[in-house]
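Residues per chain are reported as follows:
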Amino acid sequence: MLEGLSQFETTAIWGVFAIAWLGLFYGWYLVKEVRSAEMGDEKMVKVWSAIRDGANAYLGKQLKAILPLIGVLTLVLFGSVYVVPPTAEAMERFKNYDEQTVKLIIGIGRAVAFVMGSGFSLLVGQLGMRMAVQGNIRAAQAARSSFGGALKVAYRAGTITGMLTDGLGLLGGTVIFMIFGIAAPDALLGFGFGGTLLALFMRVGGGIYTKAADVGADLVGKVEQDIPEDDPRNPAVIADLVGDNVGDCAGMAADIFESYEVTIVSGLILGLALHSITGHMHWIIYPLIVRGIGVLSSILGTYAVKDVSSKPGDAMAGIFKGFITSAIISVVLFGIAGFIYLNDPNGDGSQLPGGWWRTPLAVAVGVLLAVCIDRLTEYFTGTHGAPVKSIRKASDTGPATLILNGLSVGYESAVWTTLVIALTIAASIGIFGGIDVSSFVDPSKGLSAEWVRFTFILYGVAMTGIGMLTLTGNNVAMDSFGPIADNANGVAEMAWHGMEDEATVKARQIMADLDGVGNTTKAITKGVAIGSAVIAAVSLFGSFIVDVSNAQIASGLSMESPELFRNVGIRVHMPVVFVGMLIGGMLPWLFSSFAIQAVARAAQTIIEECRRQFRLGVLEGKVEPDYSQCVGISTQAAQKELIPLATLGVVSPVLIGLLMGVEALGGFLAGIIISGQLLAVFMNNAGGAWDNAKKIVEDEPKDPANNLGKGSERHKATVVGDTVGDPLKDTAGPALNPMIKVCNLVAVIAAPVIVQYPDKSNPMVIGAIVLMFGALIWAVRTSKKTPPELSA
């Protein structure tokens, strides 16, 4: 362990390992703090118990559905190392063993890391969701006392999930590096793939569940029956509240966790490439130090979010203050760590290529990117911004103009977000593109000036991604705060139904205000998740080019060959590459179509079920609502899509590579990154803007006669817009993040195998192609199939 590291590096790695545990211990401390808060009366506990039991039951069923696929992929990853020679780094790390033994070590390491990544992602989602459920009833009870108290409970409960994400992500990456050293990327690919695949499952399943229930409950309750949100007489209300937890808590936590993993994977792969060029381990060690600093900063920043006054704007300002506190602490410590560690790497007065300041600056640019996306998303989706106010104004003339206005807001937001990401990548070019690489040029090793400079720039992009997710603890806390506040509002609405005393009315308004703030924080963190997905995907794209070149050299291709990837790159003018790019650009749209279809089908069934129960006299109190039917409908819809949609992401890149070659696969990855990013930002921000436009109308004094407040025609128009946006912002849009990275990780893992078997007439290749086609056809047919009706 830690062979070849200096004393400072060894101490730093053990320090990072300790910080990972510190983050987990801080999360445990917050668990005790949240659980010590008062739960509320018997009615509140009854509603809360139904939400808790429903969420736990769904996640249990989801786990049973995906475990067989996890088992199969574990075996595939173990076997993947046997069809290609081990990397030079693996042979150097385990130099005392023969090639077959090294393959066995790497195969076991990759498979175990895959299981560990899957397990950690599952743990973050499941434990985070359970603590969110513990927090929602306590936040509702705290609202009886003060706005600041309710905010504190909800935010601290969300911070628990943030610390789990930080601690487990850092712990896993650090342990793998400590064991495998310079061969760590071979195992880290399994770690990243496991986390990303589980995030895709939880995002797809949770997103379909929550929005099927939400859309159905809103349309049949608010529009048709004119009853309040979370009215206990609505048969879909428990399914809706359960969905907030399995979708927004479990799904989002797993999503950001896998982004956290993937950025460190790509950073270490590219750092290893620079290590082989320059001989410095600093390119590999510094990203781990940065991650440790991030955990410390998140602990300090999240704890800074305490009681605020009674205004929603102050709540958002307080949460953002914690975010900025963490950002400032991080950037300062990045510079200090860089100056101490990177300034004199050899202890003889020499400098790293380009100077010590470039890497800390690239990380700081990533932090700035997170802040910019935070501000942009709040502008386009917050209740105080001009875009949402314009959508609210459009509700005067009905749902059609409101939807058109929301579409335009979503499109424009995608432009500005993409421009910010593009400028960030351009900043990496500016920071690392000016390094003098002449001393590293060596044609005999395939090191041209262009290739060395390209590697430096890609490493800079990876470091911006690591910097962007430095504040993961804050981001996840902000995201989990949203569904916790939403659920707290639901618990209060159901338990306090019919109570109109002054204290209850005040507490209800506090929860409604926090719910509006939570809508904005959810949209912000989804924006950050999308931005980090793009940066991580670009970094993985660079890792793909590096790995393909190494695999080509290992298969016998000469350094001077015009076919060597590092010599020619991905030639967009080649028709086969352009075909790959078109197919890659198409995949996010097909994926989104299937996800939204699933929500629409389930929502229709829920609406019909609610109408049936209303006809029996639920609204009049003749019979009790049967919540279990809607829970069953949502569960069935979510389970049906889990494996088919994951199959699209896993199988497509392998099939493209086997059929058309690695260069076309590179085009495929470029297409999916560009198309997926634009589509995801559009869906996230349009849906968030529609949702908050509805909140503005709901906060108006109720006066249907003058078209104001709940029950008015304006309100019904905003509910329609909200339900259109729900599957966009909470199902298809967020699920694109892990889908993009699943495709990129599968491509990086499969690339050496594809290079090793270029002959398409090989029986093994033909068999693999037929198997992949069969899997795709099954996935499409299964997704489009109408599910069987539930028994009465």
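Residues numbered from 1 in each chain as written. Predicted model: local features only at pLDDT ≥ 70, side-chain atom pairs only at ≥ 80, totals over all residues. Heavy atoms only, no water.

1. Description of the overall build of the protein
Rules: Under the scheme used here, helices are H or I runs from DSSP no shorter than 4 residues and strands are E runs no shorter than 2 residues, and both carry numbers assigned from the N terminus. Note on exposure labels: buried denotes an accessible area under 20% of the residue type's maximum, exposed denotes more than 50%, and partly exposed covers the range between, all computed with a 1.4 Å probe on protein chains only. Here a residue-residue contact requires only that any non-hydrogen atoms of the pair lie within 4.5 Å. Residue burial considers only the protein chains on display, and all accessible areas are found by Shrake-Rupley using a 1.4 Å probe.
In terms of helices and strands, the protein carries 21 helices and 0 strands. Put simply, the protein has 792 residues, and 64% of those count as buried. Sequence separation of at least 24 residues holds for 84% of the intrachain contacts in the protein that already meet a minimum separation of 6. Within the structure as shown, the protein displays about 26700 Å² of accessible surface, and the carbon and sulfur contribution to it stands at 65%.

2. Brief notes about unusual backbone geometry
At aspartate 226, a position not held by glycine, the phi torsion is positive, near 55°. On the accessibility criterion, aspartate 226 (42% relative accessible area) is partly exposed.

3. Notes on empty space enclosed by the protein
Rules: Using protein atoms alone on a 1 Å grid, points that fit a 1.4 Å probe yet trap it form a cavity, whereas open point sets bounded by protein on both sides within 12 Å along at least five of seven lines form a pocket; residues with an atom within 4 Å of a point count as lining. Grid points are joined across faces, edges and corners, and a volume is the space filled by probe spheres set on the points. Under the scheme applied, nonpolar residues are Ala, Val, Leu, Ile, Met, Phe, Trp, Tyr, Cys and Pro; charged residues are Asp, Glu, Lys and Arg; polar residues are all the others, including Gly.
Across all of its chains, the model carries 5 cavities of 30 Å³ or more by this definition. Roughly 140 Å³ of internal volume is contained in the largest cavity. Breaking the lining of the largest cavity down by element, the ones donating at least two residues are helix H6 (184-224), helix H7 (237-278), helix H15 (502-554), helix H19 (662-698) and helix H20 (713-756). Considered class by class, the residues forming the lining of the largest cavity number 1 nonpolar, 1 polar and 18 charged. The volume enclosed by the second largest cavity comes to roughly 70 Å³. Lining the second largest cavity we find Asn519, Lys522, Ala523, Lys526, Asn684, Gly688, Asp691 and Lys729.

4. Side note on the environment of alanine 485
With respect to the secondary-structure elements, alanine 485 resides in helix H14 (residues 472-495). The class of alanine 485 is buried, set by a relative accessible area of 1%. Sequence separation between alanine 485 and glycine 516 is 31 residues, and the spatial gap between their C-alpha atoms is 8.6 Å. Ignoring sequence-local partners within four residues, the contact set of alanine 485 consists of Met511, Leu514 and Asp515.

5. Some thoughts on the pattern of salt bridges
Rules: Any Lys or Arg side-chain nitrogen located within 4 Å of an Asp or Glu carboxyl oxygen qualifies as a salt bridge.
For the coordinates displayed, the defined rule picks out 23 salt bridges. The partner of arginine 156 in a salt bridge is glutamate 33, and the shortest N-O contact between them spans 2.6 Å. Taken together, the residues span a long stretch of sequence, with arginine 156 in helix H5 (residues 147-180) and glutamate 33 in helix H1 (residues 7-35) at a distance of 123 residues. With a relative accessible area of 2%, arginine 156 lands in the buried category. What makes glutamate 33 partly exposed here is its relative accessible area of 22%. Lysine 694 is paired through a salt bridge with aspartate 691; the nearest N and O atoms lie 3.7 Å apart. On the criterion of helical spacing, the pair formed by lysine 694 and aspartate 691 is a turn pair, its members being 3 residues apart in helix H19. For the pair lysine 694 and aspartate 691, a shared accessibility class is recorded, and that class is buried.

6. Quick look at the packing of aromatic side chains
Put simply, the test is: For this analysis, a ring pair means two rings from Phe, Tyr or Trp (six-membered ring only for Trp) whose centres lie within 6.5 Å, classed as stacked if their planes differ by under 30 degrees, edge-to-face if by over 60, and tilted for the remaining angles. To sit over a ring, a charge needs its Lys NZ or Arg CZ within 6 Å of the ring centre and within 35 degrees of the ring normal.
This structure, assessed with the given rule, holds 18 aromatic pairs. On the basis of an interplanar angle of 25° and a centroid distance of 5.4 Å, the ring pair of phenylalanine 8 and tyrosine 341 is categorised as stacked. Pair noted here: phenylalanine 8 is in helix H1 and tyrosine 341 is in helix H9 (residues 312-342), with a separation of 333 residues, a long-range link. Centroid distance phenylalanine 440 to phenylalanine 456: 6.5 Å. Interplanar angle 50°. Geometry classified as tilted. Linking phenylalanine 440 in the loop between helix H12 (399-432) and helix H13 (449-468) with phenylalanine 456 in helix H13, this pair joins segments that are 16 residues apart in sequence. The exposure class of phenylalanine 440 is buried, given its relative accessible area of 16%. Of the aromatic side chains, those joined through ring pairs into one cluster are Trp283, Phe432, Phe440, Phe456 and Tyr459. In this structure, arginine 375 packs its charged tip against the face of phenylalanine 320, placed 3.6 Å from the ring centre.

7. Some details on the side chain of threonine 424
Residue placement: threonine 424 occurs in helix H12. On the basis of relative accessible area, threonine 424 is assigned to the buried category, the value being 5%. Not counting residues up to four positions away in its chain, the partners in contact with threonine 424 are Val365, Leu369 and Thr464.

8. Let's talk about the packing of helix H17 (residues 575-615) against helix H18 (residues 627-660)
Helix-helix packing: each pair is described by the crossing angle between the helix axes and the interaxial distance. This is how it is decided: Angular values range over 0 to 180 degrees, each being the angle between N-to-C directions of two axes fitted as lines to C-alpha atoms, with helices fitted over their stretch in contact. Angles below 35 degrees are treated as roughly parallel, those above 145 as roughly antiparallel, those between 65 and 115 as roughly perpendicular, and all remaining angles as oblique.
Where H17 contacts H18, the axes come no closer than 10 Å and their chain directions differ by 170°. By the angle between their directions, the pair H17 and H18 is classed as roughly antiparallel. Of the residues assigned to the contact of H17 with H18, the class counts are 19 nonpolar, 6 polar and 5 charged.

9. Here we look at H15
Let me state the cut-off plainly: How far a helix is expected to stretch is found by multiplying one less than its residue total by 1.5 Å.
With 53 residues, H15 should cover 78 Å at 1.5 Å per step; its first-to-last C-alpha distance of 75 Å lies within 8% of that length. Glycine 556 lies just past H15 and shows a positive phi near 110°.

10. Notes on the environment of alanine 315
Among the secondary structure elements, alanine 315 is positioned in helix H9. Judged by relative accessible area, which is 0%, alanine 315 ranks as buried. In this structure, the C-alpha to C-alpha distance between alanine 315 and lysine 152, residues 163 residues apart in sequence, is 9.7 Å.

11. Remarks on a nonpolar patch on the surface
For the record, the criterion: Each patch is assembled from residues with relative accessible area greater than 30% and no salt bridge, linking like charges that lie within 9 Å and nonpolar side chains (Val, Leu, Ile, Met, Phe, Trp, Tyr) that lie within 5 Å.
Taken together, Phe8, Ile328, Val332, Leu333, Ile336, Phe339 and Ile340 make up a surface patch of nonpolar side chains, about 650 Å² in accessible area. Here isoleucine 340 is to be found in helix H9. Residue classification places isoleucine 340 among the exposed residues on the basis of a relative accessible area of 54%.

Read these as spatial facts, not as claims about activity.
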